[in-house]
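Summary of the model geometry
Chain by chain, the residues:
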Amino acid sequence: MTSLPSPTLASTALGRRASAALLVSLLTGIAAFTWPLFVSPSSSVSPAQAPILFALVLPLVLAVTISELAGGRLDVKALAVLGVLAAVGTILRPLSAGTAGLELIFFLLILGGRVFGPGFGFALGALTMFSSALLTSGVGPWLPHQMLAAGFVGLFAGWLPAARGKAELALLAGYGMVSAFAFGWLMDFAFWPFLLGGQTALSFDPAAGPLGNLHRFALYNLATSMGWNLGRALTNAVLVALVGTPLLRLLRRTARRAGFAPAEKDGILARQVQLG
């Protein structure tokens, strides 16, 4: 009896240059989102300068990463699928407008990264956030951070373990909730030092140290952003539960017809889908 291939992941084997570019983006993203932990009174970078520096650097990192992915493992057919999914996400974002955390684009990033792999998921998240910002006049110093954070949502979706049927939906719904909170925490943490000033008990204090500032941020986030993050998490989970199965089937059928993978038994997408 022929064993069925894994139903979930596209090939995670990126080229060396694309892998290196993703690693640079990941490390830069960690620094961009967690810089308040490393700023001290004696630091050469002040709290006011740090986001400006990263806002200048992040677009360059994202451009290099996406160009490496596009010029390496993503062929013309993959780029066409990437463009279609990014366009769908661009349309979905203004429909929800983030009201009470009800954002419709993240479940699409999760499903895209799940089917087509981590590199594709990263590019999809970054491009969707960029194009939707142009459509909604949401361009600002926060945009590079949003692009990276959304890219990471798709990236890690491509690295989720194999699962089938209801187990896969439960895995994706759970990841949707975790990634929703992570996205909100990262975005809030990067800009939190400028939102309250320096005169409240919840304000960023360069002299408080990492643990002290983490405690302050946790209280601030619970007081101001829990509802938004929870709304985003529930939206992801509900959408994955309601439309995850047909959309996964559609994306995998698209992958096969576009030549991402050979035909396989029972319509299940092989794990080793070749994107290049």
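Since the structure is predicted, the reported quantities are computational estimates derived from the model, not experimental observations.

Rules used throughout
Residues numbered from 1 in each chain as written. Predicted model: local features only at pLDDT ≥ 70, side-chain atom pairs only at ≥ 80, totals over all residues. Heavy atoms only, no water. Helix = DSSP H or I, 4+ residues; strand = E, 2+ residues; numbered from the N terminus. Buried < 20%, exposed > 50% of the residue type's maximum accessible area, 1.4 Å probe, protein only. Lys, Arg positive; Asp, Glu negative; His and termini not counted. Salt bridge = Lys/Arg side-chain N within 4 Å of Asp/Glu carboxyl O. Contact = heavy atoms within 4.5 Å. Phe/Tyr/Trp six-rings, centres within 6.5 Å; stacked < 30°, edge-to-face > 60°. Core = buried A, V, L, I, M, F, W, Y, C linked by side-chain atoms within 4.5 Å. Axes fitted to C-alpha atoms, helices over the stretch in contact; angles between N-to-C directions. Parallel < 35°, antiparallel > 145°, perpendicular 65-115°, else oblique. Left-handed = near helix turned anticlockwise from the far one by under 90°. Nonpolar A, V, L, I, M, F, W, Y, C, P; charged D, E, K, R; others polar. Expected span 1.5 Å × (residues − 1). Arc of directions from axis to C-beta.

**Points about the environment of Ala258**
- Mapped onto the secondary structure, Ala258 falls in the segment after helix 9 (226-257).
- Residue classification places Ala258 among the buried residues on the basis of a relative accessible area of 16%.

**Focus: the side chain of Asp188**
- By the secondary structure assignment, Asp188 is in helix 7 (residues 165-191).
- Although buried, Asp188 forms no salt bridge, and the nearest oppositely charged side chain, Arg232, lies 7.0 Å from it.
- Once residues lying within four places of it in the same chain are set aside, the contact partners of Asp188 are Phe217, Asn221 and Ser225.

**A word on the packing of aromatic side chains**
- Inspection of every chain in the model, using the stated rule, returns 13 aromatic pairs.
- Ring geometry for Phe116 against Phe120: centres 4.7 Å apart, planes inclined by 35°, an arrangement best described as tilted.
- Three or more aromatic residues joined by ring pairs make a cluster, and in this case those are Trp35, Phe189, Trp192, Phe194, Phe204, Phe217 and Tyr220.

**A closer look at the nonpolar core**
- With 54 residues, the main nonpolar core has Leu85, Phe116 and Met129 as its most contacted residues.
- Mapped onto this core, the elements with two or more residues apiece are helix 1 (16-34), helix 3 (76-96), helix 4 (106-116), helix 5 (118-136), helix 6 (143-157), helix 7, helix 8 (209-224) and helix 9.
- Apart from residues no more than four positions distant in its own chain, Met129 is found in contact with Arg93, Ile105, Phe106, Leu143, Gln146, Met147, Ala150 and Phe183.

**A word on the packing of helix 1 against helix 6**
- Interaxial distance between helix 1 and helix 6 falls to 10 Å at its minimum, and their mutual angle equals 125°. Here helix 1 lies oblique to helix 6, going by the angle between them. In terms of crossing hand, the pair formed by helix 1 and helix 6 is left-handed. Mapping the contact onto sequence places Leu22, Ser25, Leu26, Gly29, Ala32 and Phe33 in helix 1 and His145, Leu148, Ala149, Phe152, Leu155 and Phe156 in helix 6.
- Here the residues of the contact of helix 1 with helix 6 sort into nine nonpolar, three polar and no charged.

**A closer look at the pattern of salt bridges**
- Counted under the stated rule, the structure contains three salt bridges.
- Salt-bridge contacts for Glu168 lead to Arg114; the nearest nitrogen and oxygen are separated by 3.0 Å. Of the two residues, Glu168 is situated in helix 7 and Arg114 in helix 4; the sequence distance between them amounts to 54 residues. Of the two residues, Glu168 and Arg114, neither departs from the other in class, the shared state being buried.

**What to know about the side chain of Gln146**
- Structurally, Gln146 can be placed in helix 6.
- When near neighbours in sequence (up to four residues on either side) are disregarded, Gln146 contacts Arg93, Met129, Phe183 and Met187.

**Regarding helix 8**
- If you check helix 8, its first and last C-alpha atoms are 22 Å apart, about what 16 residues at 1.5 Å a residue would give, namely 22 Å.
- Every buried residue belonging to helix 8 is among Asn213, Phe217, Tyr220 and Asn221, and all of these are buried. One side of helix 8 carries all its buried residues, which in axial view fall inside an arc of 95°. In helix 8, those exposed residues whose orientation departs by more than 90 degrees from the buried face are Leu211, His215, Leu222 and Ala223.

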